[in-house]
Amino acid sequence: MGKGRRKTMHLSKMYSLRRSGFEDDHSQIGGPGFSRVVYCNEIGGSEGIIRNYADNYVRLTKYTPFTFLPKSLFEQFRRVANFYFLVTGVLAFTALAPYSAVTAILPLIIVIGATMVKEGIEDWQRQQQDHEVNNRKTKVHRGGGVFETSQWKKLRVGDVVKVEKDEFFPADLLLLSSSYDDAICYVETMNLDGETNLKLKQSLDVTSSVNEDSKFSNFKATVRCEDPNASLYTFVGTMQFQEQRHALSPQQLLLRDSKLRNTDYIYGVVIFTGHDTKVIQNSTDPPSKRSKIEKRMDSIIYFLFFVLFLMAFVGSVYFGITTRDDLDGDRMKRWYLGPDRSEIFFDPERAPIAAIYHFLTAVMLYSYLIPISLYVSIEVVKVLQTLFINNDVDMYYEEADKPAHARTSNLTEELGQIDTILSDKTGTLTCNSMEFIKCSVAGTAYGRRVTEVERAMAKRMGSPLLMNDNGDDTYPHLSVKGYNFEDERITNRRWVHEPHSDVIQKFFRLLAICHTAIPDVDEETRNVTYEAESPDEAAFVIAARELGFEFYQRTQTSVSFMEFDPKSGKNVERSYELLNILEFNSTRKRMSVIVRDEEGKLLLLCKGADSVMFERLSKEGREFEENTREHVNEYAEAGLRTLILAYRELSDEDYKEFNEKFTETKNSVSAERDDMMSEVTDEIEKDLILLGATAVEDKLQKGVPECIDKLAQAGIKIWVLTGDKMETAINIGFACSLLRQGMKQIVITLESPEIVAAEKSGDKTLIAKVSENSVKKQILAGKALLDASKSEAHALIIDGKSLVYALNDDTKNAFLELAVGCASVICCRSSPKQKALVTRLVKEGTGKTTLAIGDGANDVGMLQEADIGVGISGVEGVQAVMSSDIAIAQFRFLERLLLVHGHWSYRRISSMICYFFYKNIVFGTTVFLYEGYASFSGQPAYNDWYLSLYNVFFTSLPVIALGVFDQDVSARFCLKFPLLYQEGVQNTLFGWRRIFSWMLNGLCSGVIIFFLCINALDPESYDKNGKTAGMEIVGATLYTCVVWVVNCQMALAVSYFTLIQHVFIWGGIVLWYLFLLAYGSLSVSISTSAYKVFVETLAPAPTYWLVTLFVVIATLIPYFCFKAIKMRFFPGYHGMVQWIRHEGQTDDPEYCNMVRQRSIRATTVGFTARSIARDNNLYNLDR
């Protein structure tokens, strides 16, 4: 459409949100919270600068160039281990240090520096995103009716901007006019609330004529409004224009980051900029989530600190006592320490002070118990694990070109410990792609197609007819998206021969008229497509079109459609005058339109939920009620979403009276406006005549039943939290095998006669009391049923009303106990807040790891509350994905995400941390024992650089390779034997027992290495010249044995070798020898005790090589024997699966099936458990 041409479309009478007058209710303007004044079209924006309004530059980075260094350092030294190494580094500059200062500081600098570089890169990426947004272009009025292109960041409050179709709004704008005559525009708010449906906005009438560039040369107005706030759906203000004041509402506000759609252009004035905009005001930091392993790791660090200080204390006490007794008259016991000439450190006269100084020395010396590179190594490993997730082709959804995306690297190992999954239904388990499949008109059910739920029910009941129906092949000619209806009685115009053809005609006319969809006619093919507010609405309009009632045009105040005229036998055009649209919301649960047909009749057409529609029928309009109710219940049982359609004729007097009240109410500005609107619409939406009901199907996503089956076999509990009706949710549960025939259902509802009677009384206090007591009784009854038959599978189904009382403080623990005892839980009619509260209850009440998965803005609270939030990047926008920790395109990918990546990540991180502590305890033990051997004199066993580089170079890379590449079993085996996942759920690999066993292994290894080396080297001559081994030889030999032992221990612990692991493990040992050569060749002032020690002393001596070989073998034998005996004679489930792989039994179906059966118990859900239960073999396997 050319820019000079104006779209003509008047919807001002249709929409209830237009306000044209000013009311005294705006008295708060100018008061606290309503002090903002905007002078529109003031060139240069000087007033905004004077008033100190924010500019439009947005910064979402964590750091700035000036704050990066101090803030990042503060973040690093908040970790107690890093702070400890900082303190010891500072003390290294004193005379107390047992090593040189540079060797203490350098490893800390490397570790802190690596972490800061990672932080800097991540923040730089955020800064690049900020730069891209701030430098987007928009058109700004620069005076004289001329609009120039400018960057977003240069906008100021009061600027007039022109935004064109498919562009984002650069700030919060007040809509002045648009390409439509009555200044409406369509806005997509997907970036704000996750919804893809279009919102309609409309400017004030008084500015709608300022609709061309040239008209802004003299435009002036003053806006007084609320101060910046986070409320997306409210706006209070006034505009002073042409010496009159006009009330403003949210209908005129265009929010930053929403997009202009189906409108050529709009003009708007900037009201809020930058960090004052509502979307930025809403952008809070996501809740800080730390994995349970990381929290336990902190506990281990604290435990090691306790051990370190205990060792230092014991050594200092011993040293103090020994120092006190050093001088025995003229005889000096430790003459080599020079106690007779010592001032402090070894002065027998000041033994207590010497002990204190020794304590500080020992605290520094024993610091090697604490793995300095642990945190940075784990961060590197987690980042690499997320890369594996992001690049897994088996989790790539080709149809939408969407791979998996781990948005945080902090929680990868938590994926292997999920105990409970809390899932949304619509768009998560189902496709959120609605198809019109059945309808009931005039008490007759139409629609031959079979739904997935009906197919699942047929399998449940053993019906061969429906089980053999494949659904999609029965009517191959149906290929229209949103339409899956077939019934020869009414298709192809045969509806004219039906007994109630007049009702059928009204039914489909209503579908063609009662909506807010926008038609888009292709000028070449004349095909009509629709832009609708929801998939349901699109399905209705498409169904009407396919059945001969084609809506094709929305003009100024009319709706036009084509229909078949039974009298003439031809298609005719109909045009109805559109007077009002009474919009749908979650409170009203219905929408209506008021139209005048071609004969002059006033009609109210209404569609809504059965819970509100049946009660609004007139006595004469209930002719088909009984049959329709029966059909609606059948549709709900088939998993379909239903709406009731009804209408009434209005007299001119009735409409005139309604329209006066309606106009007055919609133009009011009081806080009770919404309630007043509801009262007015309630008066007109009554005495309706029933036409029938629609039924649309939201199909299960591909692979959902199979995925749920595998997750259930893995021992993961699955809860479904949905806003759907109970019948629909139950039948979706059957379709995806969360429920099965024979499973005892514990249903908690508030539909007893006692509660119905209380509701009729209208006493809210009585209703609440009766409802609460009823829920408590039902929970207790459910627990009694559970206790009576613990070996059987139970399902808990609860509706939203009951959930309100079940989540009360005095009831929630009993509710949780009941829910946890059930095999599956379905919460129906749940609000977003209830979803979040249930998630919190499960997380805090069980203490187990929870995962929430959803796709819509209503799932955000649930995703943020869970330990891990997984967003489905589906059709409901991006808000769930933006609030999630991990994004996937389909529910079925959850199977691989948890059972493969989760299992691997948990096992890798757990083994990695245990090994980290093992190797440090081995090293720390030799340091402690040598110092004890030297009477706790503060003498280290090793050269300063040996100490410094142990954690950073010689042993760090193999442990990183373990954390990144190790696989206990292949991905195929992870999926074939889901029970392997229970290792993470039960935390068997990172429980205190396993942690302490690794620590004990480290202690034993350190003791063996030390005493074997000392006893082998101390009493004997070391070389052919008869020299004994000095401290430098003993230290280098000890160190060599430690490096060999910890690297060979790694080789024994690894399950899956790659080339990289070989390079890192054996390369670490080679690197030690190369370092000895290089470092020993430096001048003696640098290399000190290591000067040519390898070339001249160690390498030529056979003793060195024999001691190394003997000590390494002797140290590793205990672990090797323990592991071999356990694997051969006492294999766990994990060991059995490894034996299957090792012995080539992967193709032995009998043995594999025997191992797999451990995954199935009486309380397991999924189709495998269902089929076994049907065959009556399940309970023999329960153990």
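As shown above, the structure is provided for reference.
Residues numbered from 1 in each chain as written. Predicted model: local features only at pLDDT ≥ 70, side-chain atom pairs only at ≥ 80, totals over all residues. Heavy atoms only, no water.

1. Structural notes on the overall build of the chain
Alright, step 1. In terms of regular secondary structure, the chain is built from 41 helices and 35 strands.
Alright, step 2. Looking at the chain as a whole, 56% of its 1183 residues qualify as buried.
Alright, step 3. Long-range contacts, defined as pairs at least 24 residues apart, comprise 74% of the intrachain contacts of the chain with a sequence gap of at least 6.
Alright, step 4. Element-wise, carbon and sulfur atoms account for 54% of the exposed surface of the chain, whose accessible area totals about 50,400 Å². (Helix = DSSP H or I, 4+ residues; strand = E, 2+ residues; numbered from the N terminus. Buried < 20%, exposed > 50% of the residue type's maximum accessible area, 1.4 Å probe, protein only. Contact = heavy atoms within 4.5 Å. Areas by Shrake-Rupley, 256 points an atom, 1.4 Å probe, with all protein chains shown as cover.)

2. Some points on the packing of aromatic side chains
Alright, step 1. Throughout the structure, instances matching the rule amount to 56 aromatic pairs.
Alright, step 2. Between the aromatic rings of Tyr 84 and Phe 85, the centroid separation amounts to 5.3 Å while the plane-to-plane angle is 65°, which identifies the pairing as edge-to-face.
Alright, step 3. Taking 6.4 Å as the distance between ring centres and 45° as the angle between the ring planes, the aromatic pair formed by Tyr 483 and Phe 485 counts as tilted.
Alright, step 4. Here Phe 485 falls in the buried class, since its relative accessible area comes to 0%.
Alright, step 5. Ring pairing ties together the aromatic residues Tyr 99, Tyr 368, Phe 923, Tyr 942, Tyr 946, Tyr 950, Phe 954, Tyr 1039, Trp 1072, Phe 1075 and Tyr 1079, which thus form one cluster.
Alright, step 6. Across from the ring centre of Tyr 265, 4.9 Å away, lies the NZ or CZ of Lys 162, which sits over that ring.
Alright, step 7. Lying over the aromatic face of Phe 614, Arg 629 brings its terminal NZ or CZ to 4.0 Å of the ring centre. (Phe/Tyr/Trp six-rings, centres within 6.5 Å; stacked < 30°, edge-to-face > 60°. Lys NZ or Arg CZ within 6 Å of the ring centre and 35° of its normal.)

3. Re the nonpolar core
Alright, step 1. Ranked by size, the top nonpolar core spans 107 residues in total, and within it Tyr 942, Tyr 946 and Trp 1072 carry the most contacts.
Alright, step 2. For this core, the leading source of residues is helix H27 (residues 893-933), giving 15 residues.
Alright, step 3. Other than its neighbours up to four places away in sequence, Tyr 942 contacts Phe 923, Thr 926, Val 927, Leu 947, Gly 1035, Leu 1038, Tyr 1039 and Val 1042.
Alright, step 4. Ranked by size, the runner-up nonpolar core spans 74 residues in total, among them Ile 504, Phe 507, Phe 540 and Phe 549. (Core = buried A, V, L, I, M, F, W, Y, C linked by side-chain atoms within 4.5 Å.)

4. So, the sheet that holds strand E6 (residues 184-188)
Alright, step 1. Taking strand neighbours across the sheet as the criterion, the 3 strands line up as E7-E6-E12 in an open arrangement whose pairing is antiparallel. Looking at which strands have only one partner, the edges of the open sheet turn out to be strand E7 (198-202) and strand E12 (259-261). Mean inter-strand twist for the sheet, computed between neighbouring axes without regard to direction, equals 45°.
Alright, step 2. Of the pairings in the sheet, the one linking E6 to E12 comprises 3 bridges and is antiparallel in character. Among the inter-strand pairings, Tyr 186 is bridged to a residue of E12, identified as Arg 261. (Pairing = 2+ DSSP bridges. Axes fitted to C-alpha atoms, helices over the stretch in contact; angles between N-to-C directions.)

5. A short note on a negative patch on the surface
Alright, step 1. Among the surface-exposed residues, Glu 626, Glu 630, Glu 634, Glu 637, Glu 727 and Glu 751 lie close enough to one another that they form a single negatively charged patch.
Alright, step 2. Here the negative patch takes 4 residues from helix H15 (residues 625-637), the largest share from any one element. (Patch = residues over 30% accessible without salt bridge, like charges linked within 9 Å, V, L, I, M, F, W, Y side chains within 5 Å. Salt bridge = Lys/Arg side-chain N within 4 Å of Asp/Glu carboxyl O. Lys, Arg positive; Asp, Glu negative; His and termini not counted. Charge placed at Lys NZ, Arg CZ, Asp CG, Glu CD.)

6. Considering helix H3 (residues 80-91)
Alright, step 1. If you check H3, its first and last C-alpha atoms are 17 Å apart, about what 12 residues at 1.5 Å a residue would give, namely 16 Å.
Alright, step 2. Taken as a whole, H3 has its buried residues at Ala 81, Asn 82, Tyr 84, Phe 85, Thr 88 and Gly 89. The buried residues of H3 occupy an angular sector of 155° when the element is viewed end-on, so they sit on one face.
Alright, step 3. Close packing links the buried residues of H3 with helix H2 (68-77), helix H4 (101-134), helix H7 (292-324), helix H8 (351-365) and helix H9 (374-390). (Expected span 1.5 Å × (residues − 1). Arc of directions from axis to C-beta.)

7. So, the sheet that holds strand E11 (residues 253-254)
Whenever strands of a sheet pair, they do so through backbone hydrogen bonds, lying parallel or antiparallel.
Alright, step 1. The strand order E3-E2-E4-E13-E5-E11 describes an open sheet built from 6 strands, whose pairing is antiparallel. This sheet does not close on itself; its edge strands, each paired only once, are strand E3 (147-151) and E11.
Alright, step 2. As paired strands, strand E2 (residues 137-141) and strand E4 (residues 160-164) are joined by 2 bridges and run antiparallel to one another. Along E4, the bridge assignment pairs Val 140 with Val 161.

8. So, a nonpolar patch on the surface
Alright, step 1. Together, Phe 303, Phe 306, Leu 310, Phe 313, Val 314, Val 317, Ile 321, Trp 992 and Phe 996 make up an exposed nonpolar region whose accessible area comes to about 820 Å².
Alright, step 2. Elements represented by at least two residues in the nonpolar patch include exactly H7 and helix H32 (992-1017).
Alright, step 3. For the nonpolar patch, the element with the most residues is H7, which contributes 7 residues.
Alright, step 4. Here Phe 313 shows up in helix H7.

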